[in-house]
Amino acid sequence: ITDLPAATYVAGDYLAGLEVMEMGTGETVSATYMGQTWEVAVTGLVEIDPDPGEPGRCFALIGTMVPPNDGEEFAYWEFESFGVMYDGRRHADLGSSCDTSALQDAGYTRTSFEVPTGAPHAFFEAYLIRDARDGHDPEAVHLAGEHGETVALFTPTILASIPTP
């Protein structure tokens, strides 16, 4: 999968030929933004409530990102990088349609941020999948680089609750 804008249909098997990583193992993948390389560990997906009146299901992707310790005081991550694959379609973060208060209360913040360098940062992205059906969870999570290239694919782990970061 390369150069996938949000909500693009993908022809064929989008997992073919790509290494698929497991969530929640602590294994990290390197992703670059504005010349800075971050280490990213994906913990899993947790189902959260959609905002009142919103149809569908909301899933929050949670994990940890460690910005580079490159002598700068702060690092920036300001692009839509993750996507949830559902029925062969990549969904972007539509967190404004999901209730993310429990994630924020637990200590997670949205991925568009400025953080001190060198220390882990607990992140989330939230996805409203309007046509999601009960019993059918996302098939994969896609991490794209700043130019749309695929950095990693993850098989989803659906968590029963929001863990402490």
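Here, the structure is the one placed above.
Parameters at a glance
- The written sequence of each chain sets the order in which its residues are numbered from 1.
- Residues qualify for local features only when their pLDDT is at least 70, as the model is predicted, and side-chain atom pairs are given and counted only at 80 or more; totals for whole chains, interfaces and linings, by contrast, use all residues.
- To obtain the side-chain values, all non-hydrogen atoms of the structure were included, while hydrogens and water were left out.
- In this analysis, rings of Phe, Tyr and Trp, with Trp reduced to its six-membered ring, are considered paired at centre separations within 6.5 Å, and the interplanar angle assigns stacked below 30 degrees, edge-to-face beyond 60, and tilted for intermediate values.
- Strands here mean DSSP runs of E at least two residues long; helices mean DSSP runs of H or I at least four residues long; both are numbered from the N terminus.
- Exposed residues in this analysis have more than 50% of their type's maximum accessible area, buried residues have under 20%, and partly exposed residues fall in between, with area computed by a 1.4 Å probe over protein chains only.
- Take the buried residues of types Ala, Val, Leu, Ile, Met, Phe, Trp, Tyr and Cys, join any two whose side-chain atoms come within 4.5 Å, and each joined set is a nonpolar core.
- It only takes one pair of heavy atoms within 4.5 Å for two residues to be counted as in contact.
- Paired strands are those between which DSSP finds at least two bridges.
- Between the N-to-C directions of two axes lies an angle of 0 to 180 degrees, each axis being a line fitted to C-alpha atoms and, for a helix, fitted only over the stretch in contact.
- Here, two cysteine sulfur atoms that lie within 2.5 Å of each other are counted as a disulfide.
- Two N or O atoms count as a polar contact when they lie within 3.5 Å, although within protein this holds only if one can serve as hydrogen donor and the other as acceptor, and sequence-adjacent residues are included solely when both atoms are side-chain atoms.
- What counts as a salt bridge is simple: a side-chain nitrogen of Lys or Arg found within 4 Å of a carboxyl oxygen of Asp or Glu.

(A) Structural context of the packing of aromatic side chains. Enumeration according to the criterion identifies 1 aromatic pair in this entry. Considering the side-chain rings of Phe82 and Phe123, the 5.3 Å spacing of their centres and the 15° angle between planes classify their relative orientation as stacked. In this pair, Phe82 is assigned in strand β6 (residues 82-86) and Phe123 in strand β10 (residues 121-129), connecting sequence segments 41 residues apart.

(B) Geometry of unusual backbone geometry. Within the chain, Asp87 stands out as a residue other than glycine whose phi angle is a positive 55°. By the secondary structure assignment, Asp87 is in the loop between β6 and β7 (89-91). A relative accessible area of 38% places Asp87 in the partly exposed class.

(C) View of the nonpolar core. Counting 23 residues, the largest nonpolar core has Val40, Leu61, Phe82, Val141 and Phe154 as the members making the most contacts within it. Of all the elements, strand β3 (residues 36-48) adds the most residues to this core, at 4 residues. Those residues within four positions of Val40 in sequence are excluded, and the remaining contacts are Glu27, Thr28, Val29, Ala31, Thr64, Met65, Phe82 and Phe123. Of all hydrophobic cores here, the second largest spans 12 residues; its members include Cys58, Ala60, Leu103 and Phe124.

(D) Local environment of the sheet that holds strand β12 (residues 150-155). Judged by pairing direction, the sheet is mixed, and its 5 strands sit side by side in the order β1-β12-β11-β6-β7 without closing on themselves. A single partner strand is all that each edge strand has here, and the edge strands are β1 (20-22) and β7. Averaged over all pairs of adjacent strands, the angle between strand axes in this sheet comes to 35°, irrespective of strand direction.

(E) Structural context of the state of the cysteines. Applying the stated rule across the entire model yields 1 disulfide. With its sulfur 2.1 Å from that of its partner, Cys58 forms a disulfide with Cys98. Given an S-S torsion of about -85°, the disulfide between Cys58 and Cys98 has left-handed geometry. Placement of the pair is Cys58 in strand β4 (residues 57-66) and Cys98 in the loop between β7 and α1 (101-106), with a sequence separation of 40 residues.

(F) Molecular detail of the side chain of Ser97. Along the chain, Ser97 turns up in the loop between β7 and α1. When its relative accessible area of 9% is taken as the criterion, Ser97 is described as buried. Sequence-distant contacts of Ser97, that is, excluding residues within four places in its chain, are made with Pro50, Asp51, Glu54, Cys58, Leu128 and Arg130.

(G) Representation of the environment of Ser96 in the model. In this structure, Ser96 sits in the loop between β7 and α1. A relative accessible area of 67% places Ser96 in the exposed class. C-alpha separation for the pair Ser96 and Tyr127, spaced 31 residues apart in sequence, amounts to 9.0 Å. Beyond its immediate stretch of four places on either side in the chain, Ser96 contacts Asp51 and Arg110.

(H) Representation of the side chain of His121 in the model. Its place among the elements puts His121 in strand β10. On the accessibility criterion, His121 (14% relative accessible area) is buried. Side chain to side chain, His121 and Thr109 meet in a polar contact 2.6 Å long.

(I) Layout of the pattern of salt bridges. The full count for this structure, using the stated rule, is 4 salt bridges. One salt bridge connects Asp87 with Arg133, and the closest N-O pair in it is separated by 3.1 Å. Linking Asp87 in the loop between β6 and β7 with Arg133 in the loop between β10 and β11 (140-144), this pair joins segments that are 46 residues apart in sequence. Taken together, the shared-partner salt bridges in this structure form one network comprising Glu47, Arg57 and Asp137.

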